[in-house]
Amino acid sequence: MTERDLMVERIQNAMQALERAHEAKENLKQQANSETLSQFQKEMKRLEEELRLLKQILEHEDTYSMDEIAQALARTLHQSATYRRIPEFEPKK
């Protein structure tokens, strides 16, 4: 998976987390109790994590691009893996 593909996946994950948080907010508005509050807090934490991951990529996009180019060049030249300045992201499972 390329960093670009991962970026698309992170955007989609953030959008889904936003939708879940919005739904949890509506449930909390309709029926305020400890269960709906807990669910809302859980969904907001998920959204916060997805946005943090997205922000990390955006803040270092030039570094990710250079690392990806270096890795592609190493594969083309049949060399071992190159040094990465920033660790590769692991796709969410």
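Residues numbered from 1 in each chain as written. Predicted model: local features only at pLDDT ≥ 70, side-chain atom pairs only at ≥ 80, totals over all residues. Heavy atoms only, no water.

(A) Focus on helix H2 (residues 34–59). Look at H2: 37 Å from first C-alpha to last across 26 residues, which is about the 38 Å you get at 1.5 Å a residue. Listed as buried for H2 are Thr-36, Glu-43, Leu-47, Glu-50, Leu-53, Leu-54 and Ile-57. Capping of H2 at its N-terminal end is provided by Asn-33; its side-chain oxygen lies 3.0 Å from the backbone amide nitrogen of Glu-35. (Helix = DSSP H or I, 4+ residues; strand = E, 2+ residues; numbered from the N terminus. Expected span 1.5 Å × (residues − 1). Buried < 20%, exposed > 50% of the residue type's maximum accessible area, 1.4 Å probe, protein only. Polar contact = N/O pair within 3.5 Å; in protein donor to acceptor, adjacent residues only side chain to side chain.)

(B) Molecular detail of the pattern of salt bridges. Inspection of the entire model under this criterion finds five salt bridges. With a shortest N-O distance of 3.2 Å, Lys-25 and Glu-26 are connected by a salt bridge. Residue Lys-25 is classed as partly exposed on the basis of its relative accessible area, which comes to 31%. For Arg-52, the salt bridge is made with Glu-49, and the minimal N-O distance between the two is 2.7 Å. Residue Arg-52 and its partner Glu-49 are both found in helix H2; the two are separated by three residues, about one turn of the helix. One network of salt bridges, in which partners are shared, links Arg-20, Glu-43 and Arg-46. (Salt bridge = Lys/Arg side-chain N within 4 Å of Asp/Glu carboxyl O.)

(C) Structural view of the nonpolar core. Listed in full, the five residues of the largest apolar core are Met-7, Ala-14, Leu-54, Ile-57 and Tyr-64. Where this core is concerned, the elements lending two or more residues are helix H1 (3–30) and H2. When near neighbours in sequence (up to four residues on either side) are disregarded, Ala-14 contacts Leu-47, Glu-50, Leu-51 and Leu-54. (Core = buried A, V, L, I, M, F, W, Y, C linked by side-chain atoms within 4.5 Å. Contact = heavy atoms within 4.5 Å.)

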